[in-house]
Amino acid sequence: WLSIGAGLGLSALLISAGRLAFVLVRCRQRTPIVFALYVALLGLLGALACAAVLIVGLANRTTGPSIALIDWHALWAVAGWVGGLVLAVAGMVVPMFHVTDAYPPAWGRWARSLPLWLLAGSLGGWLGWAWLVGPSRFALAATALAFGVLTMQRLLRSRRKALDAFRIGWFGLALGVIVT
């Protein structure tokens, strides 16, 4: 039953990923938010690939689940998929609603490398290449820290000074990313 339930959940997410890919491929604009949505899509696909390996292992009862694989699955899901969505939304919403400067173009280029670092770390962990895992984790942590600092800068330089739930939420997110 576990493998049937997991397979159904995986199928639902694959359908969602397919729909997002279909929309993104048909999109004529190549704006930063579109690129950030590509990052989120790659994060979702990475999480689904890890989940598929875990499901097959559990269904065949060949071995117990790999703790490293579970960790990388969670990291793909949180940093790649959810993080990619947050980057996409922040890149559009923070400057627009807080009347502040846009994120620098160099940040957008760096943020697009997020799936590369996730892939390098995952493969390094899977193949036992510790020399690849360390730099990948560092790059992921540096990306999160840069996002938190850049977002905090934008909020502090905002020309909109109202202290509402929206502003408090973005401050909380930025501060949480910086602290962790």
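Located above this text is the structure these notes cover.
We now turn to the structure provided with this report. Treat the numbers as computed from the prediction; the structure is a model and nothing was measured.

**A short note on the pattern of salt bridges**
Piece 1. One pass over the full model with this rule turns up one salt bridge.
Piece 2. Between Asp164 and Arg160 there is a salt bridge, with its nearest N and O atoms 2.5 Å apart.

**Here we look at unusual backbone geometry**
Piece 1. Even without a glycine there, the phi angle at Val99 is positive, about 50°.
Piece 2. By the element assignment, Val99 lies in the loop between α3 (67–97) and α4 (105–111).
Piece 3. Residue class for Val99 comes out partly exposed when judged on its relative accessible area of 36%.

**Here we look at the environment of Gly80**
Piece 1. With respect to the secondary-structure elements, Gly80 resides in helix α3.
Piece 2. Looking at Gly80, the relative accessible area reads 1%, which means it is buried.
Piece 3. When the C-alpha atoms of Gly80 and Leu118 are compared, they prove to be 7.5 Å apart, with 38 residues separating the residues in sequence.
Piece 4. Those residues in contact with Gly80 that lie beyond four places of it in its chain are Val39, Ala40, Gly43, Leu75, Leu114 and Leu118.

**Quick look at α3**
Piece 1. Along α3, the helix axis deviates most sharply at Gly83, where the bend reaches about 35°.
Piece 2. Of the residues one or two after α3, Val99 is the one with positive phi, at around 50°.

**Focus: the packing of aromatic side chains**
Piece 1. Considering all chains together, one arrives at six aromatic pairs under this definition.
Piece 2. With centroids separated by 6.4 Å and ring planes inclined at 10°, the aromatic side chains of Tyr103 and Phe147 adopt a geometry described as stacked. Note that Tyr103 is positioned in the loop between α3 and α4 and Phe147 in helix α6 (residues 130–156), a separation of 44 residues in sequence.
Piece 3. Residue Tyr103 is classed as buried on the basis of its relative accessible area of 12%.
Piece 4. Measuring from ring centre to ring centre gives 6.1 Å for Trp110 and Trp117, while their planes differ by 40°; the resulting arrangement is tilted.
Piece 5. Every member of this aromatic cluster is reached through a ring pair, and the members are Phe97, Phe166 and Trp170.
Piece 6. If you follow Arg112 out to its NZ or CZ, it ends over the ring of Phe35, 4.3 Å from the centre.
Piece 7. A cation sits over an aromatic face here: Arg154 above Tyr103, 5.4 Å from the ring centre.

What counts, and at which threshold
Residues numbered from 1 in each chain as written. Predicted model: local features only at pLDDT ≥ 70, side-chain atom pairs only at ≥ 80, totals over all residues. Heavy atoms only, no water. Salt bridge = Lys/Arg side-chain N within 4 Å of Asp/Glu carboxyl O. Helix = DSSP H or I, 4+ residues; strand = E, 2+ residues; numbered from the N terminus. Buried < 20%, exposed > 50% of the residue type's maximum accessible area, 1.4 Å probe, protein only. Contact = heavy atoms within 4.5 Å. Bend = angle between axes of the 7 residues up to and from the residue. Phe/Tyr/Trp six-rings, centres within 6.5 Å; stacked < 30°, edge-to-face > 60°. Lys NZ or Arg CZ within 6 Å of the ring centre and 35° of its normal.

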